[in-house]
Amino acid sequence: MTQQGQNSVEPIRDPEKIREMKEYLLHRSYRDYFLFTFGINSGLRISDILPLRVMDVKYTEHLRVKEKKTSNVRKIKMTAALKQEIEKYTRGMADSDYLFPLRKGIRPISRETGWRIINEAA
């Protein structure tokens, strides 16, 4: 993602840059790596990803997400790679856990925090 202000980003299309970002994030935090991986594999906005819980993604072939920006419900077929990442990431997590919790785990990270994580890696 190239920075154009906090509300406007361009997707990264270069596979080598994506690989480098994944490697950087994986060394920092598995949660941060999974946030990036989930985002590029689902095509969802960060504001739609952050409120998700384990039960929303673990036992399904399709993600169903009501988009905050448009209020439209999107149905996204999960790729085999994304399902594999979800299985690995959620191992040991409760179904009610947020996918991207704050360190204390009581609520998900904020949109601003999610944006900062990805922007710093970029």
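Scroll up to find the structure.
Computed from a prediction, not measured in an experiment: that's the story for all the values here.

### Structural notes on the nonpolar core
Then, in step 1: By size, the foremost hydrophobic cluster in this structure holds 27 residues, and its most contacted members are Phe38, Leu63, Leu99 and Phe100.
Then, in step 2: No other element matches the five residues that helix α2 (residues 30-42) contributes to this core.
Then, in step 3: Once you skip the residues sitting within four places of it in the chain, Phe38 turns out to touch Leu44, Ile49, Leu52, Val57, Leu63, Leu82, Ile86, Leu99 and Phe100.

### Considering the environment of Lys58
Then, in step 1: Tracing the backbone through its elements, the reader meets Lys58 in the loop between α4 (54-57) and β3 (62-66).
Then, in step 2: Of the residues examined, Lys58 reaches a relative accessible area of 24% and is grouped as partly exposed.
Then, in step 3: Each C-alpha atom of the pair Lys58 and Glu87 lies 6.9 Å from the other, and the pair is 29 residues apart in sequence.
Then, in step 4: With residues up to four places along the chain from it excluded, the contact list for Lys58 reads Ile86, Glu87 and Thr90.

### A closer look at the packing of helix α1 (residues 15-28) against α2
Then, in step 1: Relative to each other, α1 and α2 sit at 150°, their axes nearing to 6 Å. With respect to each other, α1 and α2 are oriented roughly antiparallel. Two secondary-structure elements touch here, α1 through Ile18, Met21, Lys22, Leu25, Leu26 and Arg28 and α2 through Tyr30, Asp32, Tyr33, Phe36, Thr37 and Ile40.
Then, in step 2: Its residues placed into classes, the contact of α1 with α2 shows eight nonpolar, one polar and three charged.

### Some words on the environment of Gly114
Then, in step 1: Here Gly114 shows up in helix α6 (residues 111-121).
Then, in step 2: When the C-alpha atoms of Gly114 and Arg19 are compared, they prove to be 19 Å apart, with 95 residues separating the residues in sequence.
Then, in step 3: In contact with Gly114, not counting residues within four places along its chain, are Leu35, Ile46 and Ile109.

### Observations concerning α2
Then, in step 1: Over its 13 residues, α2 runs 18 Å from end to end, which matches the ideal 18 Å to within 8%, given 1.5 Å per residue.
Then, in step 2: In terms of burial, α2 is largely enclosed, as ten of its 13 residues are buried.
Then, in step 3: Among the residues of α2, Arg31, Asp32, Tyr33, Phe34, Leu35, Phe36, Thr37, Phe38, Gly39 and Ser42 are the ones counted as buried.
Then, in step 4: Capping the start of α2 is the job of one residue whose side-chain oxygen sits 3.2 Å from the backbone nitrogen of Arg31: Ser29.
Then, in step 5: Within two residues after α2, Gly43 carries a phi angle of roughly 75°, on the positive side.

Rules of the game
Residues numbered from 1 in each chain as written. Predicted model: local features only at pLDDT ≥ 70, side-chain atom pairs only at ≥ 80, totals over all residues. Heavy atoms only, no water. Core = buried A, V, L, I, M, F, W, Y, C linked by side-chain atoms within 4.5 Å. Buried < 20%, exposed > 50% of the residue type's maximum accessible area, 1.4 Å probe, protein only. Helix = DSSP H or I, 4+ residues; strand = E, 2+ residues; numbered from the N terminus. Contact = heavy atoms within 4.5 Å. Axes fitted to C-alpha atoms, helices over the stretch in contact; angles between N-to-C directions. Parallel < 35°, antiparallel > 145°, perpendicular 65-115°, else oblique. Nonpolar A, V, L, I, M, F, W, Y, C, P; charged D, E, K, R; others polar. Expected span 1.5 Å × (residues − 1). Polar contact = N/O pair within 3.5 Å; in protein donor to acceptor, adjacent residues only side chain to side chain.

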